[in-house]
Each structure stands twice: as C-alpha cells, then as structure tokens.
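# Residue-level structural notes
What follows is the residue order along each chain.
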Amino acid sequence: MDKIKIENLEVFAKHGVFPEENKLGQKFLVSAVLYTDTRKAGMTDDLAASIHYGEVSQFIDTYMKEHTFRLIERAAEGLAEELLLHTPHLEKVQIEVKKPWAPIGLPLESVSVEIERQWHTAYIALGSNMGDKLAYLKYAAEKIGSLPMSKVKKISKFYITPPYGMAEQDDFLNGCLELRTLLSPTELLEMLHMIEQQAGRERIVYWGPRTLDLDIIFYDDLVMQTEELCIPHVEMHKRTFVLKPLHDIAPYKRHPVYGKTVREMLEEAK
C-alpha cells in the first residue's frame, strides 16, 4: 500500500504524568505514516482522490492541543483512532509521539511511543433457535453495527437449518455479516458476548438451544488460537449453516490455513 509521510510535526500541548506538565505544557513531535491507495490521485492529479496532508497536520495539531493525557501512549492511541475514523481513504496509520527532554532527571534527548493501527474486516456468524429467531438476528445485526469504531458492510440472507451436535431442539435461523472495525479480535469477542447476554443468552448446555449465538469466523487473514478464541473458527469449513450465508457475502474469501475459497468449502461440505 502507498504511504504519505508527515515527519516531526511540532505541537505545543499538555500531556504528562506530572501536574506541571498538564498546566504549563511542552513541545511534542508527532510523525504519521498514512497508508492509502494513491493510484487514482496520481493518474488524475485530483487531491480529493488522495489524503490532504495539510488537513491531517491541522487535525493532529488540534487534537493534541484540545486533549490532555497523562501518557503519550494514550495520546498516540486516541490520535490514531480519530484519524482512521475521520480521514477518507485512510486504511492504516503509523503514529509516533515523541517527547523531547522528558523530565526523568537524566540527560535524555527524547522518548517516544510508536503504534500502528488499521481497519480490519471480520466475518461474524449469527444464529438463533429460541423465541422470535428473526427478531434476535435483526437485533444482533443492529447492535453489531452500533459497536464503537465499527460498521456493518454486508448482511447475508437468513437460512433455516437443522440443529448441529444436539438434535433434540428446534431448527436454527442462521446468517452472516461483514464488519469493518478497528476493534481487536479479543475486544470484538467481548462485545459479541455482551450482545448475546443482552439477548438473554445462557451458556448452560453445550451445543444446546440459545436465543443468540455470535461467532467470529474470519478476521482479515489472521490465524490465532487462545483459550477463549480460535480464528478462523474451528470446523467452520465443514458447516453448511456457516458457509451458506457466508457465501452470500464473501464467496471468494479464502481460508488462510486451507487455502480454499468459501465457495469451494461449501461445495465440499454439501
């Protein structure tokens, strides 16, 4: 991806652990690497097709001056988030907040924090087999769309499917959605669990009936496994009730481990 760089923008702001830093202020140096596709701007000479680095510089200056944080880590995090949310065409950003002559009682040129943040694409499976199933899935899509730093891009059709694992229960209604988000996988999982709880989900019987079931199927091309979370979702490649709605919105999304598209996995699962 192409880059636009802003290096060592001088800003006088009030960030620091000590009270005098919050009152008197000091100089900070902020650098930003803006990741975007400059091809259209390069071919058309149209500024609207790119990122206006002058406006971004003004945004950085204003943000740093209008907020007061104890930690430059917090300043960098907030600045990266706001830039991604409010800058058209910006896909990823690297932010460095440099604090010259930090007051540590030792000769020091500067201390800095550098972070990298970006938009991610997650695919989330939705399921319900209790009560008003359609209402639960619509509720889930609405709540997911209102998550902080997130936006629902696509929603599949909803499909009636037989129960998986424990057959003595009602049929499920299943769907899938595509989410563009700044949340990390663990942050997203916490939010999904909260939505399930708000819908009355009780984790009593494994593979048992549930008002709402929300699972992260893909998160970019990430492969990870912890005690709480496995991405891609385990055995999703075998489950038509996941693959069929996923195929509606991402037929050519490729599994990062098996290398097969959703369409290919659906044909094999059938």
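Residues numbered from 1 in each chain as written. Predicted model: local features only at pLDDT ≥ 70, side-chain atom pairs only at ≥ 80, totals over all residues. Heavy atoms only, no water.

### Points about a nonpolar patch on the surface
Operational definition: Nonpolar side chains (Val, Leu, Ile, Met, Phe, Trp, Tyr) within 5 Å and like charges within 9 Å form the patches, drawn only from residues with over 30% relative accessible area and no salt bridge. For the accessible areas, the method is Shrake-Rupley and the probe is 1.4 Å, while residue cover comes only from the protein chains on display. When a carboxyl oxygen of Asp or Glu is within 4 Å of a side-chain nitrogen of Lys or Arg, the pair counts as a salt bridge. A run of H or I in DSSP becomes a helix once it reaches four residues, and a run of E becomes a strand once it reaches two; helices and strands are each numbered from the N terminus. Three exposure classes are used, based on accessible area relative to the maximum for each residue type with a 1.4 Å probe and protein chains only: buried under 20%, partly exposed in between, and exposed over 50%.
A cluster of nonpolar side chains, contributed by I104, L106, L108 and V111, occupies part of the molecular surface with about 340 Å² of accessible area. Relative to the helices and strands, L108 resides in the loop between β3 (92-100) and β4 (110-118). The partly exposed category is assigned to L108, whose relative accessible area is 31%.

### Quick word on the packing of helix α3 (residues 53-66) against helix α4 (residues 72-86)
The following threshold applies: Only C-alpha atoms enter the line fits that serve as axes; for helices the fit covers just the stretch in contact. Angles between N-to-C directions range over 0 to 180 degrees. Should an angle fall under 35 degrees it is called roughly parallel, over 145 degrees roughly antiparallel, and 65 to 115 degrees roughly perpendicular, with every other angle called oblique. Left-handed describes a crossing whose near helix is turned anticlockwise from the far helix through less than a right angle; right-handed describes the clockwise counterpart. We call two residues in contact when some of their heavy atoms are within 4.5 Å.
At their nearest, the axes of α3 and α4 sit 11 Å apart, and the two run at 140 degrees to each other. In terms of axis orientation, α3 runs oblique to α4. Judged by the twist between their axes, the crossing of α3 over α4 is right-handed. Mapping the contact onto sequence places V56, F59, I60, Y63 and M64 in α3 and A75, G78, L79, E82, L83 and H86 in α4.

### Some thoughts on the side chain of E178
The criterion, for reference: By the counting rule applied here, Lys and Arg register as positive and Asp and Glu as negative, while His and the ends of each chain are not counted.
When you line up the elements, E178 lands in strand β8 (residues 172-181). In this structure E178 is buried but unpaired, with K154 as the nearest side chain of opposite charge at 4.1 Å. Residues contacting E178, with those up to four places away along its chain left out, are T121, A122, Y123, K151, V152, K153, K154 and I249.

### Here we look at the nonpolar core
Rules: Definition used in this section: a nonpolar core is a set of buried Ala, Val, Leu, Ile, Met, Phe, Trp, Tyr and Cys residues joined via side-chain atoms within 4.5 Å.
Among the nonpolar cores identified, the biggest contains 29 residues, and L34, I60, M64, L79, L83, V93 and I95 are the most heavily contacted of them. Elements with a contribution of two residues or more to this core: β1 (2-13), β2 (26-36), α3, α4, β3 and β4. Counting residues per element, this core draws most heavily on α4, which supplies seven residues. Beyond its immediate stretch of four places on either side in the chain, I60 contacts L9, V30, A32, L79 and L83. Counting residues in each nonpolar core, the second largest holds 24 residues, with A140, L188, I216 and Y219 among its members.

### What to know about the packing of aromatic side chains
To describe a pair of aromatic rings, one takes the distance between the centres and the angle between the planes. Short version of the rule: Pairing of aromatic rings covers Phe, Tyr and Trp, the last counted by its six-membered ring, and requires centre-to-centre distances within 6.5 Å; plane angles under 30 degrees mean stacked, over 60 mean edge-to-face, and any other angle means tilted. Working rule: Lys NZ or Arg CZ, within 6 Å of ring centre, within 35 degrees of ring normal, means a charge sits over the ring.
Enumeration according to the criterion identifies two aromatic pairs in this entry. When the centroid spacing of 6.3 Å and the interplanar angle of 35 degrees are considered together, the rings of Y63 and F69 count as tilted. This pair shows no difference in class: Y63 is buried, exactly as F69 is. For the ring pair Y123 and F218, a centre distance of 6.4 Å and an interplane angle of 90 degrees mean the geometry is edge-to-face. One end of the pair, Y123, is in strand β5 (residues 120-128); the other, F218, is in strand β9 (residues 213-219), and 95 residues separate them in sequence. Across the pair, exposure class does not vary: Y123 and F218 are buried alike. K92 extends its terminal NZ or CZ atom over the ring of Y35, reaching a point 4.3 Å from the ring centre. Just above the ring of F218 sits the side chain of K253; from NZ or CZ to the centre is 5.4 Å.

### Some remarks on the sheet that holds β3
The pairing of strands in a sheet happens through backbone hydrogen bonds and is either parallel or antiparallel. Under the convention used in this document: Should DSSP find at least two bridges between two strands, the strands are regarded as paired.
Strands sit in the order β1-β2-β3-β4 across an open sheet of four strands; the sheet is antiparallel. A single partner strand is all that each edge strand has here, and the edge strands are β1 and β4. Taking the axes of each pair of neighbouring strands and ignoring which way they run, one obtains an average angle of 15 degrees across the sheet. In this structure, β3 lies alongside β4, joined through nine bridges in antiparallel fashion. Bridge pairing in β4 links P100 to S110. Lying over the sheet, α3 contacts β1, β2 and β3, oriented at roughly 35 degrees with respect to β1.

### A closer look at helix α5 (residues 133-145)
To be explicit about the condition: Here a helix's expected span is defined as the number of its residues, less one, multiplied by 1.5 Å. The directions from the helix axis to the C-beta atoms form the arc being described.
Helix length check: α5 (13 residues) gives 18 Å between terminal C-alpha atoms against 18 Å at 1.5 Å per residue, within 8%. For α5, the set of buried residues is K133, L137, A140, A141 and I144. When α5 is viewed along its axis, its buried side chains cluster within an angular range of 95 degrees and face the same direction. The exposed set on the far side of α5, more than 90 degrees from its buried face, consists of K138 and E142. Here the buried face of α5 lies against β5, β6 (150-155), β8, α6 (185-198) and β9.

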